[in-house]
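Observations on chain architecture
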Amino acid sequence: MIRLAIAAASGSYEALIASGLIERAGAQLRQTLGERFSSALFVVTVAPVRRKWGRKLMRSLSAAGFQAKLIEMPDGESAKKLATVEQLADKLIRLAADRDAVLVAFGGGVVGDVTGLLASLYMRGVGLIQIPTTVLAQVDASIGGKTGVNLRAGKNLLGTFHPPRVVLMDPAVLSTLPDREFRAGLYEALKCGVIGRPELFGRLENANVRSLRRDPAWLEWVITESVKLKAEVVSNDEREGGLRRVLNFGHTIGHALEADSGYRRFLHGEAVAWGMVAEAHIARAQGQCDGVTAQRIIDAVLALGPLPKVTARSCDVLRLLQTDKKTRSGTVHFVLPRQIGRVQVVNNVPEKVIIGAVDELRRMVRRN
Ligand SMILES: NC(=O)c1ccc[n+]([C@@H]2O[C@H](COP(=O)([O-])OP(=O)(O)OC[C@H]3O[C@@H](n4cnc5c(N)ncnc54)[C@H](O)[C@@H]3O)[C@@H](O)[C@H]2O)c1
Ligand SMILES: [Zn+2]
């Protein structure tokens, strides 16, 4: 089993990675929570995860002597709203969850973010365990302690920091993930490669996704390397002072593409994939990296599989970047690659370079 430590202001926690870990989750949580822990565990999940993996997890928890109850929330990004947090809190009250209760987020990033927020609010804060079940949640969302829900005005606008006690990652649960969801998460792993893990990038750039899905050791390595990168970054900058920003490679343009399509056309990772392509173009145009590096990034993204087409108009993307700038940081930041494994935050990219990069995405779609 691989153990990685993640530092947080409230104390450090571990991410444990091992194939088959779900079946040993009970024993593992005994070690984390202690023999004397006698309160209940409340496992929050969604129907697809419950159907495929619920019984295995619940069996393992009760075998370790836990009193564990499963509560279900609606599936999908549209359930990531405050109303869901309130409904779940009502359920916890009905199930007599007290302030010693521990919540277990068992699902993708949506379950993780909603359950995390709930755990930070319920009775002014109870314990949280993350058991992520998507590639995206394993390589990204379950690490770093951010929780949140969406508002009509935008994504993740309401949230807290509430680090988990431990994160249990079982790559075996990814076997039931739909292909598109699996690949969408891999783009975030590729992103980690570009930011600071050249070897990870190298192995993903030559990867055959089907073979990767069938190779547990390789998959475990990809997850581990990605988590190491994210853990290093958030351990040094939990609250996004500056360093944590590097994790946004591909996200400046990616977020704008998601917003432009009303969050319907792309999965998050797919929008980030196009964002990385556009930002590689920008880096080349700005002389941040050479043409070979930019092309390697673009080719690696495209090799990971088909992406929904980009139809966004460049002027709309630019307008969205400006709106985002007003509501968030005041400047449009780009994380640009300098070489594979090294990026730099840049905030003075000329509009015409941004427009050129988005035009290029549409041209690439037409060529294919
Ligand atoms: N907190 C953070 O730091 C952070 C970071 C990145 C992303 N996020 C958030 O994560 C969310 C996206 O997460 P996601 O991509 O995991 O989406 P998701 O949680 O919606 O899961 C995707 C789909 O996969 C299904 N699923 C999950 N595990 C499965 C399994 N093992 N087998 C079969 N089906 C399974 C789910 O039911 C769902 O339909 C976004 O809301 C995003 O904002 C948070
Ligand atoms: Zn992301």
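Residues numbered from 1 in each chain as written. Chains lettered and ligands numbered in written order. Predicted model: local features only at pLDDT ≥ 70, side-chain atom pairs only at ≥ 80, totals over all residues.

1. Structural notes on the overall build of the protein
Scanning the protein from terminus to terminus reveals 14 helices and 11 strands. For 368 residues, the compact-globule estimate of 2.2 N^0.38 gives 21 Å, and the protein sits close to it at 20 Å. Principal axes of the C-alpha set define a box for the protein whose edges measure 60 × 40 × 35 Å. Across the 368 residues that make up the protein, the buried fraction comes to 47%. Put simply, of all contacts in the protein between residues at least 6 apart along the chain, 75% involve residues at least 24 apart. (Helix = DSSP H or I, 4+ residues; strand = E, 2+ residues; numbered from the N terminus. Rg over C-alpha atoms; globule rule 2.2 N^0.38 Å. Buried ≥ 20, exposed ≤ 12 C-beta atoms within 10 Å, placed from the backbone. Contact = placed C-beta atoms within 7 Å.)

2. Quick look at the pairing of strand β8 (residues 154–158)
The pairing of strand β7 (residues 149–151) with β8 spans two bridges and is classified as antiparallel. When the bridges of β8 are listed, V149 appears paired with L158. Connecting β7 to the antiparallel partner β8 that follows it, the hairpin turn spans two residues. (Pairing = 2+ DSSP bridges.)

3. A look at the site of ligand 1
Neighbouring ligand 1 are 29 residues, the closest being G108, G109, V110, T134 and A141. Elements with a contribution of two residues or more to the shell around ligand 1: α2 (47–63), α4 (109–121), α5 (135–141) and β8. (Near = placed C-beta within 6 Å.)

4. Thoughts on the nonpolar core
If you look at the biggest cluster of nonpolar residues, it comprises 112 residues, and the most contacted ones within it are V44, L103, V104, L190 and W274. Tallying contributions element by element places helix α11 (residues 268–285) first for this core, with 10 residues. Formed jointly, this core draws a minimum of three residues from each of two domains, domain 1 (2–176) and domain 2 (190–367). Among residues more than four places away in sequence, those in contact with V104 are L41, F42, V43, V44, I129 and I131. (Core = buried A, V, L, I, M, F, W, Y, C linked by C-beta atoms within 7 Å. Domains from an automatic or database assignment.)

5. Remarks on the domain arrangement of the protein
As far as domains go, the protein holds domain 1 (2–176) and domain 2 (190–367). Just the C-alpha atoms count here: the centres of domain 1 and domain 2 sit 28 Å apart. Of all the secondary-structure elements, those providing two or more residues to the side of domain 1 that touches domain 2 are β1 (2–6), β2 (13–17) and α5. Sort the elements by how many residues they give to the side of domain 1 that touches domain 2 and α5 lands first, with four residues. Class assignment for the residues of the side of domain 1 that touches domain 2 results in 16 nonpolar, five polar and two charged. (Nonpolar A, V, L, I, M, F, W, Y, C, P; charged D, E, K, R; others polar.)

6. Let's talk about the packing of helix α6 (residues 179–196) against helix α9 (residues 216–236)
Direction vectors running N to C along α6 and α9 enclose 55 degrees, while the axes themselves pass 9 Å from each other. Judged by the inter-axis angle, α6 sits oblique to α9. Crossing handedness for the pair α6 and α9: left-handed. Residue-level inspection shows A189, C192, I195 and G196 of α6 in contact with α9, the latter providing V222, E225, S226, L229 and K230. Classifying every residue of the contact of α6 with α9 gives five nonpolar, two polar and two charged. (Axes fitted to C-alpha atoms, helices over the stretch in contact; angles between N-to-C directions. Parallel < 35°, antiparallel > 145°, perpendicular 65-115°, else oblique. Left-handed = near helix turned anticlockwise from the far one by under 90°.)

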